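One-letter residues, chain by chain:
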Amino acid sequence: MRRGLVGILLLVGSVAVADDREAHWSWTLIGPFGGEARRLAVDPRDPRRIFVGTCDGRLYLSEDGGEKWRALPEFHYPGLCVSAILVDAEDSRTIYVGGWHVFAENGGGIYRSRDGGRTWALLPGTDGHAVRALAQAPSDPRVLIFGALDGVFRSDDRGESWRRISPVGDPEIRNIESVAIHPRSDQVLYVGTWHLPWKTTDGGRTWVKAGSRATGILDDSEIFSILIDERDPELIWLSACTGVYRSTNGGRSWVRLTAIPSRSRRVLVLARPVGQALVLFAGTTEGLWRTGDGGATWRLITNRRLTVQDIALHPQEPQRILIATEEAGIWISSDGGATFRPSNQGFSSWVISGLLVDRDISGRIYCGVMKGGIEGSLFISEDGGMSWRPSGRVFGSVRMILQSRREGRRLWVLTDMGLFISDDRGDSWRRVPHLPEEIRQLAEARDGKVLALTASGLFRYDEGQGRWERVHSGTDLAAVHVGRTGRIWIGAEGRLLVSTDGGASWMARELPRHLGRVHVVLEHPEDPELLFVGTSWGLYRSRNGGRDWERCAHGLPHADITAIAVRPEEPREMLVADYRTGAVYLSFDRGETWRRIDQAVWRAWIVAFDPHDRDRVFAASTGGGIYAGMRRAQAVGRKQSP
């Protein structure tokens with residue numbers, strides 16, 4: 001296409017002129033790779049084709065056995081926690097994905113693709129059901145069963161229609177967490193609830209309790225998974241918050257296997273290699289365990305700090321084992337579980353909570369995440385995001401990263417374990433004394449001291465004295481910013497506060513009531529009277545130091561603006577992120593006009609310019625890692641004489 005365009009331009013005797021405003025932006029996920037992997041599924045006809053789902057509505061595909069991953073862009077359901085992935089036993093191009101909405105008690109459903117994952121549709125009859133489990137009958141692939149918080153449902157036509165097979169309003173057969181169908185009869189199935197297991201032998205017309213304290217299962221056992229032996233259907237295994245259980249008589253009685261240590265007995269998933277009757281894998285909140293003698297003894301075969309949420313095996317490659325973890329993505333074993341390694345290239349499911357591009361060193365990027373992995377929650381890249389390493393300090397969740405304007409080697413990182421300082425760009429850290437109130441945001445004062453904003457006050461840390469001092473008291477304080485002039489700005493509900501003397505005195509300026517909640521305040525570096533506030537109802541601008549306000553509306557909707565960035569070397573360029581839609585908008589004229597530039601970016605809420613490359617920006621996601629956007633100039637209609 002590029003050659004053809006050049007040929008056309010030569011024929012008409014004109015030269016294309018690049019215009020930044022008409023530039024095309026291409027986006028690439030650069031990591032850090034890993035994060036929470038929720039569910040796995042292997043194509044029954046192709047062991048190299050594997051799907052993984054997240055708890056934020058994303059679906060990834062690997063076509064090389066799990067070595068590399070790519071997101072399926074058409075599966076885009078933010079807030080959907082993927083609870084089940086099923087590749088049709090007869091047609092691998094048909095895929096079912098079930099889930100439940102994290103922020104809605106009754107939200108969820110089952111989505112189906114018939115073209116290998118390129119397009120998806122919500123199946124009628126599943127909408128609004130918080131789906132927790134999905135199974136296909138081995139004896140009749142037309143039969144599908146799903147379990148949800150409100151009961152058990154059946155389809156006899158591959159999901160075209162559904163009917164309830166559990167009693168309406170039953171106090172016990174609800175909150176379904178697992179489903180297993182008899183290998184020879186689609187009329188016999190087991191369901192696991194948040195309490196105990198249940199069984200039907202007539203397709204759901206009648207149900208019986210399949211386990212209780214009287215038959216060997218501890219009360220209040222949440223049944224996470226159920227396995228039925230394909231050769232001996234009377235042999236059943238189930239996992240629960242109280243451990244692993246085995247029945248040899250179709251669920252009439254159970255034996256609790258106690259060889260797994262009690263602290264690891266919250267078993268989230270079980271898996272068995274086909275044809276290996278005595279081998280069983282148990283994914284727990286403390287690693288993956290294996291038994292080779294039917295459960296008499298167990299051995300931990302991964303890092304104990306891994307929470308294993310799913311296991312994927314394939315009969316054609318019994319030595320290859322994949323596990324989905326809560327904090328470290330996907331891990332793979334190629335030797336039957338003797339060794340495991342992370343394999344997350346292309347897969348990123350972090351909630352990025354902090355993004356900082358080092359202003360002095362090209363290619364150096366700092367990334368903080370919520371619920372960090374086993375190596376911590378702060379990552380550093382030295383090569384522009386091509387590779388990442390942990391900072392060396394295992395924090396809790398990172399909330400914010402700040403670089404000193406006075407000394408670039410100094411960093412502050414705010415975590416749920418407190419505030420930390422580094423004087424060597426993150427190689428070593430020391431903790432700041434605890435501030436009793438929860439810190440919401442950080443800023444650097446003109447004298448180089450760090451400021452911490454809480455809901456009820458602004459505090460300054462005196463490093464020499466090793467203590468905090470209160471600078472301001474207030475209520476509903478939400479955002480803090482220090483401009484290049486040294487003025488301190490505080491955004492609060494319905495008002496903006498400003499101090500020109502380092503916090504000794506403050507002036508209040510009223511904000512229009514329709515602005516919504518303030519997330520971020522910014523004083524433009526070229527003009528101290530030009531202020532921006534990002535709110536839950538859009539981006540607003542004041543041209544006179546906060547006395548009058550107008551909404552930035554030309555190309556920018558009523559967005560939920562969570563981040564504002566200014567290009568250091570060209571302050572007329574600005575970026576904002578819309579949390580509501582995950583969109584990224586760019587302005588070339590200090591906010592007069594805007595245009596959306598993101599493509600395939602997953603739920604952006606933090607944005608940053610690259611101070612070392614005018615054609616590069618970054619967007620951080622609430623569930624999909626960091627994206628790098630590159631500007632590519634396009635030809636425009638103006639002509640020049642040959």
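Worth saying up front: this structure is predicted, and the values here are computed from it rather than measured.

1. Section: the pattern of salt bridges
And then number 1: Following the criterion strictly, the structure yields 53 salt bridges and no others.
And then number 2: Taking the shortest distance from any N to any O, the salt bridge between Arg142 and Asp140 comes out at 3.0 Å.
And then number 3: Taking the relative accessible area as the measure of exposure, Asp140 reaches 16% and is therefore buried.
And then number 4: We note a salt bridge from Arg614 to Asp615, for which the minimum N-O separation is 3.5 Å.
And then number 5: The exposure class assigned to Asp615 is partly exposed, which follows from its relative accessible area of 24%.

2. As for the sheet that holds strand β6 (residues 70–71)
And then number 1: Taken together, 4 strands build an open sheet; the order of strands is β3-β4-β5-β6 and the sheet is antiparallel. Looking at the sheet topology across the chains shown, the edges are occupied by β3 (39–43) and β6.
And then number 2: The sheet contact formed by strand β5 (residues 59–62) and β6 spans 2 bridges and is antiparallel. What sits directly across from Tyr60, in β6, is Ala71.

3. Things to note about unusual backbone geometry
And then number 1: With an omega of -5°, the peptide bond between Gly31 and Pro32 qualifies as cis.
And then number 2: Tracing the sequence through the fold places Pro32 in the loop between β1 (24–31) and β2 (34–35).
And then number 3: Phi is positive for Lys371, close to 50°, though the residue is something other than glycine.
And then number 4: With a relative accessible area of 53%, Lys371 lands in the exposed category.
And then number 5: At Arg590, a position not held by glycine, the phi torsion is positive, near 60°.
And then number 6: Along the chain, Arg590 turns up in the loop between β54 (583–587) and β55 (595–596).

4. Quick word on the environment of Val584
And then number 1: Mapped onto the elements, Val584 comes out in strand β54.
And then number 2: Here Val584 is in contact with Leu575, Val576, Arg595, Arg596, Ile597, Asp598, Ala604, Val607 and Ala619, once residues within four sequence places are set aside.

5. Thoughts on the confidence of the model for the chain
And then number 1: Summary statistics for the chain give a mean pLDDT of 92 and a share of 95% for residues scoring 70 or more.
And then number 2: Long-range and interchain partners of residues 1–19, a stretch whose pLDDT sits below 50, account for 18 contacts in this model, where long-range means more than four residues apart.
And then number 3: Overall, residues 635–642 carries pLDDT values under 50, and its contacts beyond four positions in sequence, including any with other chains, amount to 13 contacts.

6. Looking at the sheet that holds β55
And then number 1: Strand order in the open sheet formed by 4 strands is β52-β53-β54-β55, with antiparallel pairing between adjacent strands. Edge positions in the open sheet fall to β52 (561–566) and β55, since each of these has one partner strand only.
And then number 2: Pairing analysis gives 2 bridges linking β54 to β55, with the strands arranged antiparallel. Bridging across to β55, Leu586 finds its partner in Arg595.

7. Structural notes on the state of the cysteines
And then number 1: In this structure the tally under the stated criterion is 1 disulfide.
And then number 2: In this model Cys55 forms its disulfide with Cys81; the gap between the sulfur atoms is 2.0 Å. Between Cys55 and Cys81 the disulfide shows an S-S torsion of about -105°. By sign, it is left-handed. Of the two residues, Cys55 sits in the loop between β4 (46–53) and β5 while Cys81 sits in strand β7 (residues 80–87), which places them 26 residues apart along the sequence.
And then number 3: When its relative accessible area of 17% is taken as the criterion, Cys55 is described as buried.
And then number 4: Free of any disulfide, Cys367 has its nearest cysteine sulfur in Cys55, 20 Å distant.

8. Some thoughts on the pairing of strand β53 (residues 574–578)
And then number 1: Counting buried positions along β53 gives 5 out of 5 residues, so the element sits mostly inside the fold.
And then number 2: Alternating positions in β53 separate into two faces, Met574, Val576 and Asp578 on one and Leu575 and Ala577 on the other, with burial throughout.
And then number 3: Here β52 pairs with β53 via 5 bridges, running antiparallel. The residue of β53 that forms the bridge with Val566 is Met574.
And then number 4: When β53 meets β54, the two strands line up antiparallel, connected through 5 bridges. Its bridge partner lying in β54, Val576 is registered against Tyr585.

9. What about empty space enclosed by the protein?
And then number 1: Considering all chains together, one arrives at 2 cavities of 30 Å³ or more under this definition.
And then number 2: Its volume calculated, the largest cavity comes out at about 40 Å³.
And then number 3: As for the largest cavity, its lining consists of Val42, Pro47, Ile50, Ala312, Leu313, His314, Glu317, Arg320 and Leu322.
And then number 4: A volume near 30 Å³ is recorded for the second largest cavity.
And then number 5: If you trace the second largest cavity, you find it lined by Arg38, Arg39, Cys81, Val82, Ser83, Trp100, Arg132 and Glu177.

10. Regarding the environment of Ala130
And then number 1: By the element assignment, Ala130 lies in the loop between β10 (121–122) and β11 (131–136).
And then number 2: You can call Ala130 buried: its relative accessible area is 4%.
And then number 3: Residues Ala130 and Ala104 lie 26 residues apart in sequence; the distance between their C-alpha atoms is 8.8 Å.

11. Considerations on the side chain of Ser62
And then number 1: Looking at the secondary structure, you find Ser62 in strand β5.
And then number 2: Given a relative accessible area of 0%, Ser62 falls into the buried group.
And then number 3: One polar contact links Ser62 to Asp64, side chain to side chain, over a distance of 2.8 Å.
And then number 4: A distance of 2.8 Å separates a polar side-chain atom of Ser62 from the backbone nitrogen of Gly66.
And then number 5: Ignoring any residue separated from it by four or fewer positions in sequence, one finds Ser62 in contact with Arg48, Arg49, Ile50, Glu67, Lys68 and Trp69.

12. Focus: the pairing of strand β25 (residues 287–291)
Within a regular strand, side chains alternate between the sheet's two faces.
And then number 1: The buried fraction of β25 is high, at 4 of 5 residues.
And then number 2: Note: strand β24 (residues 280–284) against β25, 5 bridges, orientation antiparallel. Bridged to Ala282 within β25 is Trp289.
And then number 3: Taken together, β24 and the strand that follows it, β25, pair antiparallel across an intervening segment of 2 residues.

13. Here we look at the packing of aromatic side chains
And then number 1: Summed over all chains, the structure comprises 12 aromatic pairs.
And then number 2: When the centroid spacing of 5.6 Å and the interplanar angle of 85° are considered together, the rings of Phe395 and Trp429 count as edge-to-face. Here Phe395 is found in the loop between β35 (389–390) and β36 (398–403), whereas its partner Trp429 is found in the loop between β38 (418–422) and β39 (430–431), with 34 residues between them in sequence.
And then number 3: Judged by relative accessible area, Phe395 falls into the buried class, the value being 5%.
And then number 4: When its relative accessible area of 12% is taken as the criterion, Trp429 is described as buried.
And then number 5: For the ring pair Tyr579 and Trp605, a centre distance of 5.7 Å and an interplane angle of 40° mean the geometry is tilted. Of this pair, Tyr579 sits in the loop between β53 and β54 while Trp605 sits in strand β56 (residues 604–609), and the two are 26 residues apart along the sequence.

Scoring rules and cut-offs
Residues numbered from 1 in each chain as written. Predicted model: local features only at pLDDT ≥ 70, side-chain atom pairs only at ≥ 80, totals over all residues. Heavy atoms only, no water. Salt bridge = Lys/Arg side-chain N within 4 Å of Asp/Glu carboxyl O. Buried < 20%, exposed > 50% of the residue type's maximum accessible area, 1.4 Å probe, protein only. Pairing = 2+ DSSP bridges. Helix = DSSP H or I, 4+ residues; strand = E, 2+ residues; numbered from the N terminus. Contact = heavy atoms within 4.5 Å. pLDDT = per-residue confidence, 0-100. Disulfide = S-S within 2.5 Å. 1 Å grid on protein atoms, 1.4 Å probe; cavity = no way out; pocket = protein on both sides within 12 Å on 5 of 7 lines; lining within 4 Å. Points joined across faces, edges and corners; volume = space filled by probe spheres on them. Polar contact = N/O pair within 3.5 Å; in protein donor to acceptor, adjacent residues only side chain to side chain. Phe/Tyr/Trp six-rings, centres within 6.5 Å; stacked < 30°, edge-to-face > 60°.

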